[in-house]
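Structure assessment
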Amino acid sequence: MPDWSYHPLFKPWLSILPGNAGREIIHRGMSAISQLPGGRPFIEFLGHMSPSEKLNRKLFGLHFDSPVALSGKIDPRLSGIKAFQNLGFGAIEAGPITRFPREPETSAFLSKANDALILPEHTETIGLTATKSKLTKPRTVPVLIRLEEPLILAQHLKDEGDAYIIEIDSIESIWDLTHIKTVLENKPILLAISHSTVDDNFLKLKSASHFVDGIMIEEDRTLINGKQVLPLQQIDGMFHALNIIKNEIDLPVVTSGGVDEPADALSLFKSGAELVFLSGGYVASGPGLPKRINEALLDELGDKRKELAGWIWYWLFGLFILLGGALILFFSFTKVILSYDEAFMQMTRLELMAYNPNLYKFMSHDRMTLAGTMISGGFIYMQLARYGIRYGIHWAKRAFDIGAITGFLGILLFLGFGYWDCLHGLLWLVLLPFYIAGYIKTRSADQSPSSKNRTNHSSWKKAVYDQLLFVILGFSFVLGGIVISTIGVTSVFVDTDLTYICMTPDQMNELNEKLIPVIAHDRAGFGSALFSVGLLVLTLSLWGFHEGSAWVWRTYLIGGIPAFAAGIFTHLYIGYIDFIHLLPAYFALALYIGGLWLTKDYFRPKS
């Protein structure tokens, strides 16, 4: 569940559901999707959250894909544990675990008034038996189990976790730790302590540190009216505790809570934290927070990526599509019907114009809209190649390949009515070697994107909603392409088309039985182009929203103009202005203008 769906769509209404129903609907829904065939790739498609290999680290003898982890407070029932492994986390905490289930006295919720996560006084748990059934293997990330009764539960859960968390208040003596360590067969143990109690318990902490593998500094909680109040902003206390422990104890230190935005996590890493577990900030900022932190970490590394020489082949691929679209646009404003069209129909364009001028205009409008879509698509391809694939960005190559392959396959639609368009066929043959060369020479494009985003500022908050507009726009183009292609290979016309032309399909067949195949191939071709360009817009919207990426905004701005100009003004040019027919185009234009206006600050270059 990316931020663009969480904040505008799910969070507003799920938060008003009674009890913890909203949380469980989200977690169970995501887990169910992740376990379906193709579910994990689908989640990755929506969010592209997999962390870069540059963020991998070894700690406690374990491998972590990312230094960002999830606190057990977020998923006490472990209903989302299958899904969270796909959302950019390097580890997941389970627990606290108790012997028997414990139902919450009150609901957990995020308090905007207190800027805090509110939990029941006694944390909700599902008990030992249910926990063991949830923590099944194989797993893609390490699971750290928090033991509320470590002396009792260690024996039962020694095979379930990759590491264990024990709160300092739950042990009475050092010998408890040695016994637990033996029972757990020397698996890693982290000793947890709230940041405000480090000073008072430092001697105990230092003594215990000889028997554990790491220390977890936790957020503070206050008990008010039978509820735990965990303020989101606790970063200063975390810094203080980190400095004390790092100066006196030679152990890895991780933190839990106190992170509301990427800047908080970066500050903790700079102060010496090895891992950062997200808590209430994850609920407040949204599921995209781990991805934002991972991308900010990459930006902090400041590594210069090597250019891939093969990007130029992809760029030329886009250029030839753009030029092909421009050529088709030229013909659509001049001859419209080309010589090979006339040869196939055995009818000249002058004869067609004389018989029904509106039919001739209708054919020109089909070719104009195809041309505009191709010009827009070509420009988007060129931008992806120049600013993404050139620097080895994986998502840009993946978006390019998805659009190109579907575009190539779309040529099969031309054959449905037995008419082969020589110009399209020639363009297909010209493009194919450029695409193959680009694909082969850029196979090493495996770099993750970095981001300048650090805080939850107003431009970011607007961009979350605006990203949804562009996602809807891309999906609308994809859906429109499917509908138009389907019409092109079946009925060919919609009712408003026939009203404008003032002819029925039977009358057209009586005029020339090869006329409809020519029109159908144009319609199917336009639908195919719209489908592949829609996929480009959709993937750009899903994966390309990074603060300061001005080239993405320019891609939307310049890339959209030819398609919308051809799609709307062409109809005005030929007098085909039926409101219902143009309503989808007006809807798409509103999304386009709204998205551009509201994201201009977010995409503005950052120093």
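What you see is a predicted model; the values in this text were computed from it and never measured.

1. With respect to the packing of aromatic side chains
- Across all of its chains, the model carries 32 aromatic pairs by this definition.
- For the ring pair Phe317 and Tyr381, a centre distance of 5.3 Å and an interplane angle of 85° mean the geometry is edge-to-face. Taken together, the residues span a long stretch of sequence, with Phe317 in helix α13 (residues 311-333) and Tyr381 in helix α16 (residues 357-387) at a distance of 64 residues. Across the pair, Tyr381 and Phe317 agree in class, each one buried.
- Members of the aromatic cluster, connected to one another through ring pairs, are Tyr314, Phe317, Tyr381, Phe400, Phe408, Trp428, Tyr435 and Tyr439.
- The side chain of Arg292 reaches across the aromatic face of Trp460, ending 4.0 Å from its centre.

2. Quick look at the sheet that holds strand β8 (residues 163-167)
- Around the barrel, eight strands lie side by side as β3-β4-β7-β8-β9-β10-β13-β14; this closed barrel has parallel pairing. Strand-to-strand twist in this sheet, taken as the mean axis angle between neighbours without regard to direction, amounts to 25°.

3. Thoughts on unusual backbone geometry
- Put simply, Gly95 and Pro96 share a cis peptide bond, and its omega is 15°.
- For Pro96, the location among the structural elements is in strand β4 (residues 91-97).
- Cis geometry marks the peptide bond from Lys137 to Pro138, where omega comes out at 5°.
- For Pro138, the location among the structural elements is in the loop between α5 (127-134) and β7 (143-147).
- For Leu78, which is not a glycine, the phi torsion comes out positive at approximately 55°.
- Inspection of the secondary structure assignment puts Leu78 in the loop between β3 (68-70) and α4 (81-84).
- Judged by relative accessible area, which is 3%, Leu78 ranks as buried.

4. Considerations on the sheet that holds strand β5 (residues 109-111)
- With antiparallel pairing, the four strands of this open sheet are ordered in space as β5-β6-β12-β11. Looking at which strands have only one partner, the edges of the open sheet turn out to be β5 and β11 (222-224). For this sheet, the mean angle separating the axes of adjacent strands, direction not counted, is 35°.
- Both strand β6 (residues 116-120) and strand β12 (residues 227-231) contribute to a ladder of five bridges, which runs antiparallel. The residue bridging Ile118 from the neighbouring strand is Val229, located in β12.

5. Some remarks on the environment of Leu582
- Along the chain, Leu582 falls in helix α24 (residues 579-599).
- A residue is classified by how much of its surface remains accessible, and Leu582, at 1% relative accessible area, is buried.
- Note: C-alpha distance between Leu582 and Ile166 (416 residues apart in sequence) is 63 Å.
- If near-sequence neighbours (up to four positions away) are discounted, Leu582 is found in contact with Gly567, His571, Tyr576 and Ile577.

6. Observations regarding the packing of α5 against helix α6 (residues 150-157)
- Packing of α5 against α6 brings their axes to within 11 Å, and their N-to-C directions diverge by 35°. Of the two elements, α5 crosses α6, and the hand of that crossing is right-handed. Across from Leu128, Thr131 and Lys132 in α5, the residues of α6 making contact are Leu153, His156 and Leu157.
- The residue makeup of the contact of α5 with α6, split by class, is three nonpolar, two polar and one charged.

7. So, the pattern of salt bridges
- For the structure on display, the rule yields 28 salt bridges.
- Residue Glu274 pairs with Arg57 through a salt bridge whose shortest N-O separation is 4.0 Å. Pair noted here: Glu274 is in the loop between α10 (262-270) and β14 (275-278) and Arg57 is in strand β1 (residues 57-59), with a separation of 217 residues, a long-range link.
- Where Glu248 meets Lys206, a salt bridge forms, and the shortest distance between an N and an O atom there is 3.7 Å. With Glu248 in helix α9 (residues 235-248) and Lys206 in helix α8 (residues 202-208), this pair connects stretches of sequence that are 42 residues apart.
- By relative accessible area, which is 32% here, Lys206 ends up partly exposed.

Basis of the calculations
- Residues numbered from 1 in each chain as written.
- Predicted model: local features only at pLDDT ≥ 70, side-chain atom pairs only at ≥ 80, totals over all residues.
- Heavy atoms only, no water.
- Phe/Tyr/Trp six-rings, centres within 6.5 Å; stacked < 30°, edge-to-face > 60°.
- Helix = DSSP H or I, 4+ residues; strand = E, 2+ residues; numbered from the N terminus.
- Buried < 20%, exposed > 50% of the residue type's maximum accessible area, 1.4 Å probe, protein only.
- Lys NZ or Arg CZ within 6 Å of the ring centre and 35° of its normal.
- Pairing = 2+ DSSP bridges.
- Axes fitted to C-alpha atoms, helices over the stretch in contact; angles between N-to-C directions.
- Contact = heavy atoms within 4.5 Å.
- Left-handed = near helix turned anticlockwise from the far one by under 90°.
- Nonpolar A, V, L, I, M, F, W, Y, C, P; charged D, E, K, R; others polar.
- Salt bridge = Lys/Arg side-chain N within 4 Å of Asp/Glu carboxyl O.

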